[in-house]
Amino acid sequence: MLKFLILATLVAYATAAAVAADDVHAEVKNMHSDVRADGFEYALETSNYIREEAAGDEHGNMHGSYEYLTPEGEHVKVTYVADENGYHPEGAWIPTPPPIPDYILKAIEYIKAHPPKEEGKH
């Protein structure tokens with residue numbers, strides 16, 4: 001449940017950054033919350049196009065999504081999984097690292113094919 005609270009706080013912060021001045025008057029259109037001993041389900045939709053869904057189990061594993069419109073009118077959607085391996089978001093708006101250059105990949109392959117000799121053994 002602590003993961004859910006932290007995640008909900010992060011989602012609220014992210015959506016607050018996209019809220020325009022007119023969004024102060026947004027209303028909740030739909031909300032569903034079901035907390036059980038074996039997990040939970042949660043869904044929220046507002047009149048200003050903010051949507052969030054999440055589900056989790058008794059072990060703290062979660063999956064869900066959130067989406068909103070930016071002040072420029074662009075649609076942002078993020079899906080995620082949060083489990084024992086960490087938080088794994090996916091979405092077009094999430095930055096990704098540049099590809100590894102070919103010369104680095106070749107150097108890694110060379111090192112794998114020609115491991116260094118252990119010290120002390122000649």
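No experiment lies behind these values; they were computed from the predicted model shown.

Trainee: Could you give me a rundown of the pairing of strand β5 (residues 75–83), with the residues and numbers involved?
Mentor: Looking at chain direction, strand β4 (residues 62–69) and β5 are connected through eight bridges and run antiparallel. Across the sheet, the residue bridging to E67 is K77, located in β5. Connecting β4 to the antiparallel partner β5 that follows it, the hairpin turn spans five residues, and G73 within it adopts a positive phi of roughly 90°. Strand direction decides the pairing type here: β5 and strand β6 (residues 86–90), joined by five bridges, are antiparallel. Each bridged residue has a counterpart across the sheet, and for Y80 the counterpart in β6 is P89. Where β5 folds back on β6, the antiparallel hairpin that results is connected by two residues.

Trainee: How would you summarise the sheet that holds strand β3 (residues 51–57) if you had to cite specific residues and measurements?
Mentor: Reading across from one edge, β1-β2-β3-β4-β5-β6 is the order of the six strands in this open sheet, with antiparallel pairing throughout. Edge positions in the sheet fall to β1 (28–36) and β6, since each has one partner strand and no second. Strand-to-strand, the axes of this sheet are offset by a mean angle of 10°, without reference to chain direction.

Trainee: Lay out the packing of aromatic side chains in plain terms, naming residues and giving numbers.
Mentor: If you walk through the whole model with that rule in mind, you get two aromatic pairs. Ring centres of Y66 and Y80 lie 6.4 Å apart, and the angle between their planes is 40°; this geometry places the pair in the tilted category. In this pair, Y66 is assigned in strand β4 and Y80 in strand β5, connecting sequence segments 14 residues apart. Both residues of the pair, Y66 and Y80, belong to the buried class.

Trainee: Pulling in residues and values, what's your account of the nonpolar core?
Mentor: Counting twelve residues, the largest nonpolar core consists of F40, Y42, L44, I50, A54, M62, Y66, Y68, V76, V78, Y80 and A82. Elements with a minimum of two residues in this core: β2 (39–46), β4 and β5. Here the element with the most residues in this core is β5; it accounts for four residues.

The rules behind these values
Residues numbered from 1 in each chain as written. Predicted model: local features only at pLDDT ≥ 70, side-chain atom pairs only at ≥ 80, totals over all residues. Heavy atoms only, no water. Pairing = 2+ DSSP bridges. Helix = DSSP H or I, 4+ residues; strand = E, 2+ residues; numbered from the N terminus. Axes fitted to C-alpha atoms, helices over the stretch in contact; angles between N-to-C directions. Phe/Tyr/Trp six-rings, centres within 6.5 Å; stacked < 30°, edge-to-face > 60°. Buried < 20%, exposed > 50% of the residue type's maximum accessible area, 1.4 Å probe, protein only. Core = buried A, V, L, I, M, F, W, Y, C linked by side-chain atoms within 4.5 Å.

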